[in-house]
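Listed below, chain by chain, are the residues.
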Amino acid sequence: MTQARAVHGIDDSPRGRLLSAAAQLFRDKGYERTTVRDIAAVVGIQSGSIFHHFKTKEEILFAVMEEVIHFNTERLRAAIAAEDRPVERLRALVRAELTAIVGDTSEAMTVLVTEWRCLNADKQREALALRDIYEQLWLDVLADLHKEGRFRAEPFIMRRLITGMTGWTHNWFDQSRSLSVEGLADLIVDRVVGEESEEGAA
């Protein structure tokens, strides 16, 4: 039996161990190919025991997404609370999001992106409502930078551009190489607000 590694942000309760196992299996095999029996085998329980916690496999998928959105929203809040300047708040947001995507919640974040279509319409709306809270933290910081004249595009457009830069890093980014998460975050922020060129001209 393969023991599931705990996913950061998901507790070590029996329910949490089920979610950690599910997140890893959904990432590795896909939601459709993963069975309740597969999840139970990784955790080391009978498949029927899962239904004490969740009625369906879809509920498990939604719970994985719900947990990771909640956890990373709080991560973003803590990141920006530690900074005063808007540009440093943006840097903190980018670092936090990259850490979520390629670091300690990578399994659940990958599932959030790749298995979204497997949720029914009601569950998608619930997840979107949670995601809107996460996205508003970005938009507030970007709005402050827009007021400072750091870029001309609307904050929503800038957020989409940043999402494009961070969203698929799990496909290519390797933390064992010379570029760190912090270094990658600096590159992204430099491109968004021109911080590097501005400092170089000072």
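Residues numbered from 1 in each chain as written. Predicted model: local features only at pLDDT ≥ 70, side-chain atom pairs only at ≥ 80, totals over all residues. Heavy atoms only, no water.

## Focus: the environment of Thr 105
Here's step 1: For Thr 105, the position within the fold is in the loop between α4 (86–102) and α5 (106–114).
Here's step 2: Sequence-wise, Thr 105 and Arg 191 are 86 residues apart; in three dimensions their C-alpha atoms are separated by 26 Å.
Here's step 3: A polar atom in the side chain of Thr 105 sits 3.3 Å from the side chain of Asn 72. (Helix = DSSP H or I, 4+ residues; strand = E, 2+ residues; numbered from the N terminus. Polar contact = N/O pair within 3.5 Å; in protein donor to acceptor, adjacent residues only side chain to side chain.)

## Looking at the pattern of salt bridges
Here's step 1: Tallying each qualifying case throughout the model produces 19 salt bridges.
Here's step 2: Put simply, Arg 27 and Glu 107 hold a salt bridge, and the shortest N to O gap is 4.0 Å. Of this pair, Arg 27 sits in helix α1 (residues 14–29) while Glu 107 is found in helix α5, placing the two residues 80 residues apart along the sequence.
Here's step 3: By relative accessible area, which is 2% here, Glu 107 ends up buried.
Here's step 4: Residue Glu 126 pairs with Lys 123 through a salt bridge whose shortest N-O separation is 3.7 Å. Residue Glu 126 and its partner Lys 123 are both found in helix α6 (residues 121–147); the two are separated by three residues, about one turn of the helix.
Here's step 5: In this structure, a network of salt bridges that share partners links the residues Arg 85, Glu 88, Arg 91, Arg 95 and Asp 186. (Salt bridge = Lys/Arg side-chain N within 4 Å of Asp/Glu carboxyl O. Buried < 20%, exposed > 50% of the residue type's maximum accessible area, 1.4 Å probe, protein only.)

## Considerations on the confidence of the model for the protein chain
Here's step 1: Looking at the protein chain, the pLDDT average stands at 90 and 93% of residues meet or exceed 70.
Here's step 2: Here helix α9 (residues 195–201) is the element of the protein chain with the lowest mean pLDDT, 41, and α6 is the one with the highest, 97. (pLDDT = per-residue confidence, 0-100.)

## Digging into the side chain of Arg 159
Here's step 1: Relative to the helices and strands, Arg 159 resides in helix α7 (residues 155–166).
Here's step 2: Residue Arg 159 is classed as buried on the basis of its relative accessible area of 0%.
Here's step 3: Residue contacts for Arg 159: discarding those within four places in its chain leaves Glu 97, Arg 131, Tyr 134, Glu 135, Trp 138, Leu 139 and Leu 142. (Contact = heavy atoms within 4.5 Å.)

## Remarks on the nonpolar core
Here's step 1: Counting 63 residues, the largest nonpolar core has Ile 39, Leu 90 and Val 94 as the members making the most contacts within it.
Here's step 2: Secondary structure elements with two or more residues in this core: α1, α2 (36–43), α3 (57–81), α4, α5, α6, α7 and α8 (181–193).
Here's step 3: Here this core takes 11 residues from α3, the largest share from any one element. (Core = buried A, V, L, I, M, F, W, Y, C linked by side-chain atoms within 4.5 Å.)

## Observations regarding the packing of α3 against α6
Here's step 1: Two numbers describe how α3 lies on α6: the axes approach to 10 Å, and their chain directions differ by 15°. Relative to α6, the element α3 is oriented roughly parallel. For the pair α3 and α6, the crossing hand works out as left-handed. On α6, the residues that touch Glu 58, Phe 62, Glu 66, Ile 69, His 70, Asn 72, Thr 73, Leu 76, Arg 77 and Ile 80 of α3 are Lys 123, Glu 126, Ala 127, Leu 130, Arg 131, Ile 133, Tyr 134, Leu 137, Trp 138 and Val 141.
Here's step 2: Classifying every residue of the contact of α3 with α6 gives 11 nonpolar, three polar and six charged. (Axes fitted to C-alpha atoms, helices over the stretch in contact; angles between N-to-C directions. Parallel < 35°, antiparallel > 145°, perpendicular 65-115°, else oblique. Left-handed = near helix turned anticlockwise from the far one by under 90°. Nonpolar A, V, L, I, M, F, W, Y, C, P; charged D, E, K, R; others polar.)

## Side note on the UniProt feature "DNA-binding region" (unreviewed entry) in the protein chain
Here's step 1: UniProt's entry tags residues 35–54 with the feature "DNA-binding region" (unreviewed entry), counted in the numbering of this structure.
Here's step 2: Helix and strand shares over residues 35–54 are 40% and 0% respectively, and the end C-alpha atoms of the span are 13 Å apart. (UniProt positions renumbered as here; feature names shortened; annotations may be inferred.)

## Description of a nonpolar patch on the surface
Here's step 1: Where nonpolar side chains cluster on the molecular surface, the patch consists of Phe 156, Ile 157, Leu 161 and Met 165 and spans about 370 Å² of accessible area.
Here's step 2: Its location among the elements puts Met 165 in helix α7.
Here's step 3: Judged by relative accessible area, Met 165 falls into the partly exposed class, the value being 32%. (Patch = residues over 30% accessible without salt bridge, like charges linked within 9 Å, V, L, I, M, F, W, Y side chains within 5 Å. Areas by Shrake-Rupley, 256 points an atom, 1.4 Å probe, with all protein chains shown as cover.)

## Observations concerning α2
Here's step 1: Residues of α2 that are buried: Val 36, Ile 39, Ala 40, Val 42 and Val 43. Each buried residue of α2 sits inside an arc of 160° when the element is viewed along its axis, so together they form one side.
Here's step 2: Next to the buried residues of α2 lie α1 and α3. (Arc of directions from axis to C-beta.)

## Considerations on the side chain of Glu 135
Here's step 1: Summarising the element assignment, Glu 135 is placed in helix α6.
Here's step 2: A relative accessible area of 10% places Glu 135 in the buried class.
Here's step 3: Setting aside chain neighbours within four positions, we find Glu 135 in contact with Arg 159 and Arg 160.

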